[in-house]
Amino acid sequence: MERILKAFLRQFEDFTVIILIIRALLSGGAQALRGGGGFGDCLIILAILIINAVFGSYQELKAEKS
(Lines give C-alpha, C1' and ligand atoms only; values in the text may rest on other atoms or scores of the structure.)
Protein backbone atom coordinates (compact mmCIF):
# COMPACT_ATOMS: atom_id res chain seq x y z
CA MET A 1 0.00 0.00 0.00
CA GLU A 2 2.85 2.35 0.84
CA ARG A 3 4.40 1.76 -2.58
CA ILE A 4 1.13 2.70 -4.29
CA LEU A 5 0.83 5.91 -2.23
CA LYS A 6 4.42 6.89 -3.01
CA ALA A 7 3.85 6.26 -6.73
CA PHE A 8 0.68 8.39 -6.57
CA LEU A 9 2.40 11.28 -4.77
CA ARG A 10 5.35 11.23 -7.19
CA GLN A 11 2.91 12.23 -9.92
CA PHE A 12 2.60 15.66 -8.28
CA GLU A 13 6.33 16.49 -8.22
CA ASP A 14 6.45 18.05 -11.68
CA PHE A 15 6.59 21.85 -11.78
CA THR A 16 3.78 22.05 -14.36
CA VAL A 17 1.46 20.00 -12.17
CA ILE A 18 2.23 22.23 -9.19
CA ILE A 19 1.38 25.31 -11.28
CA LEU A 20 -1.93 23.72 -12.33
CA ILE A 21 -2.83 22.95 -8.71
CA ILE A 22 -2.04 26.53 -7.67
CA ARG A 23 -4.08 27.85 -10.60
CA ALA A 24 -7.05 25.68 -9.67
CA LEU A 25 -6.92 26.81 -6.04
CA LEU A 26 -6.64 30.46 -7.05
CA SER A 27 -9.57 30.06 -9.42
CA GLY A 28 -11.68 28.50 -6.66
CA GLY A 29 -10.61 31.17 -4.19
CA ALA A 30 -11.51 33.95 -6.61
CA GLN A 31 -14.94 32.45 -7.13
CA ALA A 32 -15.44 32.20 -3.36
CA LEU A 33 -14.47 35.85 -2.86
CA ARG A 34 -16.93 36.97 -5.53
CA GLY A 35 -19.67 35.17 -3.64
CA GLY A 36 -20.93 33.24 -6.61
CA GLY A 37 -20.81 29.60 -7.47
CA GLY A 38 -18.92 28.61 -10.55
CA PHE A 39 -16.37 26.27 -9.07
CA GLY A 40 -16.52 24.22 -12.26
CA ASP A 41 -13.12 25.24 -13.60
CA CYS A 42 -11.44 24.47 -10.32
CA LEU A 43 -13.11 21.08 -9.97
CA ILE A 44 -12.41 20.08 -13.57
CA ILE A 45 -8.71 20.93 -13.30
CA LEU A 46 -8.36 19.03 -10.01
CA ALA A 47 -10.32 16.03 -11.32
CA ILE A 48 -8.12 15.80 -14.42
CA LEU A 49 -4.98 16.02 -12.29
CA ILE A 50 -6.17 13.25 -9.97
CA ILE A 51 -7.23 10.98 -12.84
CA ASN A 52 -3.88 11.58 -14.52
CA ALA A 53 -2.06 10.75 -11.27
CA VAL A 54 -4.00 7.50 -10.88
CA PHE A 55 -3.15 6.39 -14.42
CA GLY A 56 0.46 7.54 -14.02
CA SER A 57 0.99 5.64 -10.78
CA TYR A 58 -0.61 2.52 -12.32
CA GLN A 59 1.77 2.74 -15.27
CA GLU A 60 4.73 3.34 -12.96
CA LEU A 61 3.93 0.30 -10.83
CA LYS A 62 3.32 -1.79 -13.94
CA ALA A 63 6.72 -0.74 -15.33
CA GLU A 64 8.44 -1.69 -12.05
CA LYS A 65 7.02 -5.21 -12.24
CA SER A 66 8.30 -5.81 -15.75
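Residues numbered from 1 in each chain as written. Predicted model: local features only at pLDDT ≥ 70, side-chain atom pairs only at ≥ 80, totals over all residues. Heavy atoms only, no water.

Draft legend 1. Inspection of the overall build of the protein chain at higher detail. On a plain count of helices and strands, the protein chain comes out with 3 helices and 0 strands. The C-alpha radius of gyration computed for the protein chain amounts to 15 Å, which surpasses the reference 11 Å derived for 66 residues by more than 25%, pointing to a less compact arrangement than a globule. C-alpha extents for the protein chain along the principal axes are approximately 50 × 20 × 15 Å. Within the protein chain, the fraction of its 66 residues that count as buried is 17%. Nonlocal contacts in the protein chain, meaning residues at least 24 apart in sequence, comprise 62% of its contacts between residues at least 6 apart. For the protein chain, the exposed area adds up to about 5100 Å²; of that, 69% sits on carbon and sulfur atoms. (Helix = DSSP H or I, 4+ residues; strand = E, 2+ residues; numbered from the N terminus. Rg over C-alpha atoms; globule rule 2.2 N^0.38 Å. Buried < 20%, exposed > 50% of the residue type's maximum accessible area, 1.4 Å probe, protein only. Contact = heavy atoms within 4.5 Å. Areas by Shrake-Rupley, 256 points an atom, 1.4 Å probe, with all protein chains shown as cover.)

Draft legend 2. Up close: helix α2 (residues 15–34). Here α2 contains 20 residues, and its C-alpha end-to-end distance of 29 Å stays within 8% of the 28 Å for a straight helix at 1.5 Å per residue. Along α2, the residues that are buried comprise V17, A24, S27, G28 and Q31. The arc enclosing the buried residues of α2, seen along the axis, measures out at 90°, which places them on a common side. Away from its buried face, by an angle of more than 90 degrees, α2 presents the exposed residues F15, L25, L26, L33 and R34. (Expected span 1.5 Å × (residues − 1). Arc of directions from axis to C-beta.)

Draft legend 3. Region of the structure containing a nonpolar patch on the surface. The grouping of F15, I18, I19, I22 and L26 at the surface amounts to a nonpolar patch, some 490 Å² of accessible area in total. Positionally, L26 belongs in helix α2. (Patch = residues over 30% accessible without salt bridge, like charges linked within 9 Å, V, L, I, M, F, W, Y side chains within 5 Å. Salt bridge = Lys/Arg side-chain N within 4 Å of Asp/Glu carboxyl O.)

Draft legend 4. Summary view of the side chain of S27. Positionally, S27 belongs in helix α2. Among the residues examined, S27 registers a relative accessible area of 11% and is labelled buried. Discounting residues that sit within four places of it in the chain, S27 has contacts with D41 and C42.

Draft legend 5. Seen up close, the pattern of salt bridges. Under the counting rule described, the total for this entry stands at 4 salt bridges. Between R3 and E64 there is a salt bridge; the shortest N-O distance is 3.9 Å. Residue R3 is located in helix α1 (residues 2–10), and its partner E64 is located in helix α3 (residues 40–65); the two are separated by 61 residues in the primary sequence. A relative accessible area of 43% means that E64 is categorised as partly exposed.

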